Amino acid sequence: MASAVRHSMRGRLLTGMVGLVTLAAAGVFLFVLVHAVWYAPEEEGAAVAPPSSSGSSTPTVIASAKDVPVRLSIPSINVDTNIQDVGIGKTGNMAVPSNYTDVGWYRYGTLPGVVGSAVIDGHVDNGFGLDAVFKHISDLKPGDDIYLQAQSGEELHFVVEDVETYAAADVPLQELFTRADKARLNLITCAGQWEPDQDAYDHRTVVYAVLA
Amino acid sequence: MTFLKKTFQIGTATLLAWTVAGIASAQVVATSTPGTPDTGAGGEMVTNLVVLAIAAIIVVAGVAFFSNRSAKA
């Protein structure tokens, strides 16, 4: 009798444990799948002051909701996508959009269409190495068109001026974020080889465009 | 008394170090020019595939266990 009860208890315990492990594995499977192909949010750091005391000549522009860019279109590489606004990640780098199909506008920088450098980033690939939204921006050439649509519906037309690829440590950050000679739009994504130690690619491609 | 004084000094030094570290880390974030974004995840492909495969095997084994059990019952 006691042996039968013990046997039944052991059976229930085994069933429960197998059930738990199966559910946990299913959870891990779903999490990794979603994170790798669709949703990969980056935790952002503290808010920053707008660039006013850094000595740069970039004008400080307070964006109203209607001025905020919401859509990016680059016909020559078949990009037509939503724009998220992003800040700064925990590491002090520009944050990235929360998925592989949208792009991110740096909200502490310049508003597109205003004199200064508006910056938009986008992923080059997802967690399975498949193409993401900015996979082909290195194919852009001077003269190619880029269109931005603001929340108000207003459309801005930019023209590619230059495309450069730099080692990650050599990206000219001042030129990228604070050059203020024209109304500029700079696109950036990863390039080069994966560095496992850094958990990132070792180069960056930057597309410099100016308002047409 | 000496012990208390030493403890106080160490405590003050630690607090000062934390404060300096806090200010330093805050300064990293509070800049108008951030670092370059990390806009790629392709290098995680192998890890992701291995984790997915192991998780899938465990799920299949678990489902097989329960199917077998209900068939026996």
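Residues numbered from 1 in each chain as written. Chains lettered and ligands numbered in written order. Predicted model: local features only at pLDDT ≥ 70, side-chain atom pairs only at ≥ 80, totals over all residues.

## Overview of the overall build of chain B
Across its full length, chain B holds 2 helices and 0 strands. Counting all 73 residues of chain B, 15% fall into the buried class. (Helix = DSSP H or I, 4+ residues; strand = E, 2+ residues; numbered from the N terminus. Buried ≥ 20, exposed ≤ 12 C-beta atoms within 10 Å, placed from the backbone.)

## Some words on the interface of chain A and chain B
The interface is formed by 50 residues belonging to chain A together with 28 residues belonging to chain B. Those elements that provide at least two residues to the side of chain A that touches chain B are α1 (2-37), β4 (116-122), α2 (173-178), β7 (183-195) and β8 (200-211) of chain A. In terms of residue count, the dominant contributor to the side of chain A that touches chain B is α1(A) (10 residues). In terms of residue class, the side of chain A that touches chain B is made up of 33 nonpolar, 14 polar and 3 charged. (Contact = placed C-beta atoms within 7 Å. Nonpolar A, V, L, I, M, F, W, Y, C, P; charged D, E, K, R; others polar.)

## So, the confidence of the model for chain B
Looking at chain B as a whole, the pLDDT averages 73, with 56% of positions reaching at least 70. This prediction of the complex comes with two scores: 0.79 for pTM and 0.83 for ipTM. (pLDDT = per-residue confidence, 0-100.)

## Brief notes about the sheet that holds β7(A)
Residue and element names in this part refer to chain A. What the 8 strands build is a closed barrel, ordered β1-β2-β3-β4-β7-β8-β6-β5; its pairing is mixed. The sheet shows a mean angle of 35 degrees between the axes of neighbouring strands, direction not considered. By the bridge criterion, 4 bridges tie strand β1 (residues 69-74) to strand β2 (residues 79-86) in an arrangement that is antiparallel. Residue pairing in the sheet places Arg71 in a bridge with Asn82 of β2. (Pairing = 2+ DSSP bridges. Axes fitted to C-alpha atoms, helices over the stretch in contact; angles between N-to-C directions.)

## Quick notes on the pairing of β1(A)
Here β1(A) pairs with strand β5 (residues 145-150) of chain A via 4 bridges, running antiparallel. Directly across from Arg71(A), in β5(A), lies its bridge partner Gln149(A).

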